[in-house]
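Residue-level structure breakdown
Residue strings, one per chain:
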Amino acid sequence: MSLKWISFLAVLGFALFLDCVLCYDRPPSRDLIWVPLSDDLDSSSPQQVHISLVGENNMRISWITEDATESKVEYGTSSGKYDLSATGSTNSYKYLMYKSGEIHDVVIGPLKAETVYYYRCGSNPVREFSFKTRPTQLPIKFAMAGDLGQTGWTDSTLKHIASSNYDVMLIPGDLSYADLYQPFWDSFGRLVEPLASTRPWMVTHGNHEVEKIPVVHSESFTAYNSRWHMPFEESGSNSNLYYSFEVPGVHVLMLGSYTDFSNGSPQYKWLEEDLAKVNRNKTPWVIALVHAPWYNTNSAHQGEGESVEMRKSMEGLLYRARVDIVFAGHVHAYERFTRVYDGKPDACGTVHITIGDGGNREGLASEYNDPKEEISIFREASFGHGQFEVVNGSHALWKWHRNDDDESVMADSVWLRNLADDPNCNKL
Ligand SMILES: *[C@@H]1O[C@H](CO)[C@@H](O)[C@H](O)[C@H]1NC(C)=O
Ligand SMILES: [Fe+2]
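To start, this report covers the structure provided alongside it. Per-chain numbering applies: the sequence of each chain, read as written, is numbered from 1 onward. Chain letters start at A and ligand numbers start at 1, both assigned in the order the entries are written. With the structure being a predicted model, the display of local features is reserved for residues of pLDDT at least 70 and the display and counting of side-chain atom pairs for 80 or more, all residues being used for whole-chain, interface and lining totals. Excluding hydrogens and water, the side-chain values take into account all heavy atoms of the structure.

1. Remarks on the site of ligand 1
Under the convention used in this document: Consider each residue's heavy atoms; a residue with any of them within 4 Å of a molecule or strand counts as near. As used in this structure description, the phrase polar contact means that two N or O atoms lie within 3.5 Å; if the pair is within protein, one of them must be able to donate a hydrogen and the other to accept it, and residues adjacent in sequence are counted only when both atoms belong to side chains. We get accessible surface area from the Shrake-Rupley algorithm with a probe of 1.4 Å; when it comes to residues, only the shown protein chains can shield them. Side-chain classes follow a simple rule in which Ala, Val, Leu, Ile, Met, Phe, Trp, Tyr, Cys and Pro form the nonpolar group, Asp, Glu, Lys and Arg form the charged group, and the remainder, Gly included, forms the polar group.
Lining the immediate environment of ligand 1, one finds Val391, Asn392, Ser394, His395 and Trp415. Contact between ligand 1 and asparagine 392: an oxygen atom at 2.3 Å from a side-chain N or O atom of the residue. Within the complex, 36% of the 360 Å² of free accessible area of ligand 1 lies under protein. Across the shell around ligand 1, the residue classes break down as 2 nonpolar, 3 polar and no charged.

This is the structure:
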């Protein structure tokens, strides 16, 4: 073969390779899966165990038993030895014909940082769980995916997240997709337990958490608020639907798209006060999670009030506070924007990222507005998850991993500079 032919074939091969990277075949959605209670557990066994951060060094342990049992957690720093214990409270709820199990809620601590704790819960503690507490200083690593649901895609996304060695999981809303059928909340609790019992899972709500039915069930967020109690009290919020928390170096705002966000609303006032308390020397990074994206070039959910009106109401507050990044869900795809404020590129604006790609049964949102707006840097309708590693006070690495036919493939990554560290932006 002549050199000319070899180079022609090499170019052709490279073109085909590029083509197959660019025209990644979008997979179809998968059905809801039902996760049964495992055979070795019974009606008094703790199930659906998940943990969440409370204040600087406490952890909330949540679990459900079908029967009424004790709300007690025994814990310690070596396996099988539980020198410490704490008790908490129990609640349950009714939804149409459904009655939930006993939902237990126990806060343990104070805990030492960077330590593995072993724990067991309830009065029939057949299983031992363990978790690692967060680091004392940066770096810290978050994993992230919204609109999880419970399908085969969710399952493989969770496997990718499990192997990412993260410290804290962040979910920008739409958890179980139970969609009024309450047993699916229990199934979701069992699906996520292997991850959510070993690392704190911090969530905010989406539209699928509302579950209000006119006349028959007039209360909103009944299951969500009962099952996913977040540390709102500690952040001065009076609602589980919005709150903030801190880990070393990072202040995290968990905002609510489906509760009042208008100027002067309790959420707005809380946000204003919360931002005023942020100390950028202690937490150089400030990030926010919200369900309905404020910036979105996908055809799905264009122009919804929760996106448009909420952005108009709150964007100024976040901009003046130099919030670094807003992560959103809702649109079942991935999209990353440049720094923006009020629709335009702005060097001191917030980076917006949509990560609503966890894998729910509604499938992907694959239609986009064309031509692509200049502020949208990367967009792709695929399932996947994000990893956000805050390296130090000035640099953080964001990575998006596509769920590529059940393989985790890093498809987008970017280094982000902290806004409080930028001399052009930090003088407000
Ligand atoms: C922060 O991390 C970045 C990326 O690793 C590095 O280039 C930079 O020097 C670090 N800054 C400090 C103050 O350590
Ligand atoms: Fe949604």
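What follows picks up the thread again.
2. A short note on the pairing of strand 11 (residues 140–144)
For clarity, the threshold we go by: Relative accessible area decides the class of each residue, using a 1.4 Å probe on protein chains only: under 20% of the type maximum gives buried, over 50% gives exposed, and in between gives partly exposed. The numbering of helices and of strands both runs from the N terminus, where a helix is a DSSP run of H or I of at least 4 residues and a strand a run of E of at least 2. Strand pairing follows a simple DSSP-based rule, namely that at least 2 bridges must link the two strands.
Burial analysis of strand 11 places 5 of its 5 residues in the buried class, the great majority of the element. What you see with strand 11 is no split at all: Ile140, Phe142 and Met144 on one side and Lys141 and Ala143 on the other are buried throughout. Bridge analysis of strand 11 against strand 22 (residues 384–390) gives 5 bridges, and the strand direction is antiparallel. Considered in strand 22, the bridge of isoleucine 140 is made with valine 390. Pairing geometry for strand 11 and strand 12 (residues 168–171), over 3 bridges, is parallel.

3. Digging into unusual backbone geometry
Glycine 109 connects to proline 110 through a cis peptide bond whose omega is 5 degrees. Within the fold, proline 110 resides in the loop between strand 8 (102–108) and strand 9 (116–121). Here the residue pair aspartate 370 and proline 371 is connected by a cis peptide bond, since its omega of -10 degrees sits within 30 degrees of zero. In this fold, proline 371 is placed in the loop between strand 20 (350–355) and strand 21 (376–380). With a phi angle near 60 degrees, asparagine 165 is a residue other than glycine that sits in the positive phi range. Looking at the secondary structure, you find asparagine 165 in the loop between helix 2 (152–162) and strand 12. Here asparagine 165 falls in the exposed class, since its relative accessible area comes to 57%. Positive phi is not limited to glycine here, since arginine 322 has a value of about 55 degrees.

4. With respect to helix 3 (residues 183–196)
Stated precisely, the cut-off is as follows: Multiplying one less than the number of residues by 1.5 Å gives the expected span of a helix. Two axes enter the definition of the bend at a residue: one is fitted to the seven residues ending there, the other to the seven starting there, and the bend is the angle between them.
With 14 residues, helix 3 extends 19 Å between its outermost C-alpha atoms, agreeing within 8% with the 20 Å of an ideal straight helix rising 1.5 Å per residue. Approximately 30 degrees is the largest bend angle found in helix 3, and it occurs at arginine 190, with the proline proline 194 only one to four residues beyond.

5. Points about the packing of helix 2 against helix 3
How we decide: Axis lines are fitted to C-alpha atoms, over the contacting stretch for helices. Their N-to-C directions set the angle, which ranges from 0 to 180 degrees. For this classification, under 35 degrees means roughly parallel, over 145 means roughly antiparallel, 65 to 115 means roughly perpendicular, and everything else is oblique. Working rule for contacts: check all heavy atoms of both residues, and any pair within 4.5 Å makes them a contact.
Look at helix 2 against helix 3: their axes get within 10 Å of each other, and the N-to-C directions meet at 10 degrees. The orientation of helix 2 relative to helix 3 falls into the category roughly parallel. Only Leu191, Val192 and Leu195 of helix 3 make contact with helix 2, whose side of the interface consists of Thr154, Asp155, Leu158, Ile161 and Ala162. A class-by-class count of the residues in the contact of helix 2 with helix 3 yields 6 nonpolar, 1 polar and 1 charged.

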